[in-house]
Amino acid sequence: MRPEPTRRTALYGLATAAAVVGFDPAARAWATEKRKPAEGDFDHVPPLDGTLLTDDASRDAASEDFGHIVHRRPAAVLRPGSVNDVVVMIRFCRRHKIPVAPRGQGHATFGQAQVKGGLVIETAPLKHIGPVKGDTVTVGGGARWSEVAKSTLRKGLTPPVFTDYLELSVGGTLSVGGLGGQTHRHGAQVDNVTELEVVTGAGELVRCSATRHADLFDAVRAGLGQCAIVVGATLRLVRAPRTVRHYQLPYTELSVFLEDQRRLIDDRRFDYVEGLVLPDATGAFRVHVLEAVAYGPPAGPEPDDDELLAGLRFERPGLVAETLDYYAFLDRLAASVAEQMEAGLWDDPHPWLNLLLPSDSVEELASGILDELRPEDVGTSGVVLLYPMRRKVLRTPLLRMPDDPAPYLLAVLRTSPPDDAATVKRLLAANRAAYELVRDAGGKQYPVGSIPFDRSDWRDQFGPAFPALAAARHRYDPAGLLAPGQGIF
Ligand SMILES: Cc1cc2nc3c(=O)[nH]c(=O)nc-3n(C[C@H](O)[C@H](O)[C@H](O)COP(=O)(O)OP(=O)(O)OC[C@H]3O[C@@H](n4cnc5c(N)ncnc54)[C@H](O)[C@@H]3O)c2cc1C
């Protein structure tokens, strides 16, 4: 599980940065070649296979994320050349009580992977993808899901659940849950990992699974980086289809759309079920598009349109049905993401709202939130998702869900205008209000968005799972160093 290349570049190689040589505990500052206290007054950084960066560009980059709302500047950034670099630097940070934020692809939206004055550990170099063994593959924590899928598809196999966007790190999505249209069948990504290799906040490299250090396994999956850094993961694989039949089914009535979605996850005739809510000509979010996918051979039978669509109450004239190559389906957002990047929209603020609604009040809650929504509060590149999952297959203790057989994800994936702090502030307040509405009805947040949250909110969020998380934190990260950007402890 070592990344390639394992080059012993060490600390001194960076042209732009003053080489870091250690940490001065009295001044609580990194010692560099330029600003080096007397020998004996600082602790030497251990030799590394990778690099420790303190230049402005690296620190600025680590104080950004996809949200572009929160900016916390670290004192240094570790670009590890090996898993051992993570181990030795965590031990070093523990000795000096330096907080540490693991960072995958930095696609959180509210500073979750940031740390003021601490050390950011980039996981991207830990992207090794091992050979497929039976029905599993072992990958580095920094591997992206696109890379994992491309690799396993060469053997005709695939992870069973994907997020809508594939350029997220394995460690990053396993830290939050990893939900997608296949979740109603297979659970979240965290439900489909058989073993993890982690570096705990105490600097121990540990393998954990359901049968080995199970408390750690349960504390890391959907554990928001609070106990350990995922450096490797063994993922379950299933047979992949060669092509899929992809349907977009329009609905005018929210209630009918929700009922049909629910019917589809209960009868499981599709392999993937999601849904979008779009504004109509008046700007009201009243156009609903059910997105459903049936896998073809060898993962399923040849899809039959009549059979698959039987009994559904969508508006026939708007039906779209197409056959896609499986990977093209998984990577369906790539073209629009490239366009957004090109247009600079990727750099705009993204005050996202991600909520998990109980099914018994989904219609009331969703329409309450959607009625307040204006197209400009979502943005031209934004999107609203609404789809159900099945509680029965969501088994990871820290992935908090409403106590309900079919929780719905409502995701308002907003892009807001650049240089407009007042709008971001208003949307964050709207996110908070929507969260409170949902929480009071027994819902949760899906913690990838931008909802102002304090410690007591986190206790509410984790509910009966909080004591186990707190105990694991105490045991595996006794100095309380890891992922402070989440604001849980
Ligand atoms: C365009 C887009 C589409 C998305 N679509 C979906 C979707 O369909 N379904 C879904 O579930 N989510 C989705 N997300 C949310 C995404 O899953 C989370 O934000 C995820 O955490 C991002 O992964 P990352 O590698 O960028 O993590 P980061 O943003 O780098 O980190 C997120 C959190 O995890 C911690 N962390 C990161 N790596 C590790 C590690 N190796 N070990 C321990 N802790 C770690 C960080 O400290 C931080 O607290 C989407 C996000 C974006 C931007």
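Rules of the game
- Residues numbered from 1 in each chain as written.
- Predicted model: local features only at pLDDT ≥ 70, side-chain atom pairs only at ≥ 80, totals over all residues.
- Heavy atoms only, no water.
- Helix = DSSP H or I, 4+ residues; strand = E, 2+ residues; numbered from the N terminus.
- Rg over C-alpha atoms; globule rule 2.2 N^0.38 Å.
- Buried < 20%, exposed > 50% of the residue type's maximum accessible area, 1.4 Å probe, protein only.
- Lys, Arg positive; Asp, Glu negative; His and termini not counted.
- Charge placed at Lys NZ, Arg CZ, Asp CG, Glu CD.
- Arc of directions from axis to C-beta.
- Contact = heavy atoms within 4.5 Å.
- Phe/Tyr/Trp six-rings, centres within 6.5 Å; stacked < 30°, edge-to-face > 60°.
- Polar contact = N/O pair within 3.5 Å; in protein donor to acceptor, adjacent residues only side chain to side chain.
- Near = heavy atom within 4 Å.
- Areas by Shrake-Rupley, 256 points an atom, 1.4 Å probe, with all protein chains shown as cover.
- Pairing = 2+ DSSP bridges.
- Axes fitted to C-alpha atoms, helices over the stretch in contact; angles between N-to-C directions.

Caption draft 1: Examining the overall build of the protein more closely. A tally of helices and strands in the protein yields 14 helices and 21 strands. Its C-alpha radius of gyration of 23 Å places the protein within 12% of the 23 Å reference for a compact globule of 489 residues. Oriented by its inertia axes, the alpha-carbon framework of the protein measures out at about 80 × 55 × 45 Å. Buried residues in the protein amount to 59% of all 489 residues. Measuring between centres, the 55 positive side-chain charges of the protein sit 7 Å from its 63 negative side-chain charges.

Caption draft 2: Fine view of helix H13 (residues 455-462). Within the sequence span of H13, burial applies to Asp 457, Trp 458, Gln 461 and Phe 462. Seen end-on, H13 carries its buried residues on one side only, within an arc spanning 130°. Packed against the buried residues of H13 are helix H12 (421-440), strand E21 (444-445) and helix H14 (466-476). Gly 463, located one to two residues past H13, shows a positive phi value of around 55°.

Caption draft 3: Examining the packing of aromatic side chains more closely. Under the defined criterion, the tally for this structure stands at 15 aromatic pairs. Each member of the aromatic cluster is reached from another via a ring pair, and the members are Phe 66, Tyr 165, Trp 346 and Trp 352.

Caption draft 4: Expanded view of the side chain of His 246. For His 246, the position within the fold is in strand E14 (residues 243-251). When its relative accessible area of 6% is taken as the criterion, His 246 is described as buried. At 2.7 Å, the side chain of His 246 and the side chain of Glu 291 are in polar contact. Setting aside residues up to four positions removed in sequence, His 246 forms contacts with Glu 291, Ala 292, Val 293, Val 320, Ala 321, Glu 322, Leu 324 and Phe 329.

Caption draft 5: Up close: the site of the ligand. Around the ligand sit 32 residues in total, of which Pro 102, His 107, Asp 164, Ser 169 and Tyr 446 are the nearest. Residue Asp 164 places a main-chain N or O atom 2.7 Å away from an oxygen atom belonging to the ligand. One of the backbone N or O atoms of Val 230 is found 2.8 Å from a nitrogen atom in the ligand. Surface burial for the ligand is 96%, taken as the share of its 960 Å² of free accessible area covered by protein chains. Contributing elements (two or more residues each) for the shell around the ligand: strand E6 (100-103), helix H4 (170-176) and strand E12 (228-236).

Caption draft 6: Seen up close, the sheet that holds strand E10 (residues 193-200). The four strands lie next to each other as E8-E12-E10-E11, forming an open sheet whose pairing is antiparallel. A single partner strand is all that each edge strand has here, and the edge strands are strand E8 (136-140) and strand E11 (205-209). Geometrically, the sheet is characterised by an average inter-axis angle of 20° between neighbouring strands, direction not taken into account. Strand direction decides the pairing type here: E10 and E12, joined by seven bridges, are antiparallel. Bridge assignment links Glu 195 to a residue of E12, and that residue is Thr 234. In this fold helix H2 (residues 83-96) packs onto E10, E11 and E12, with an angle of close to 45° to the strand it touches most, E10.

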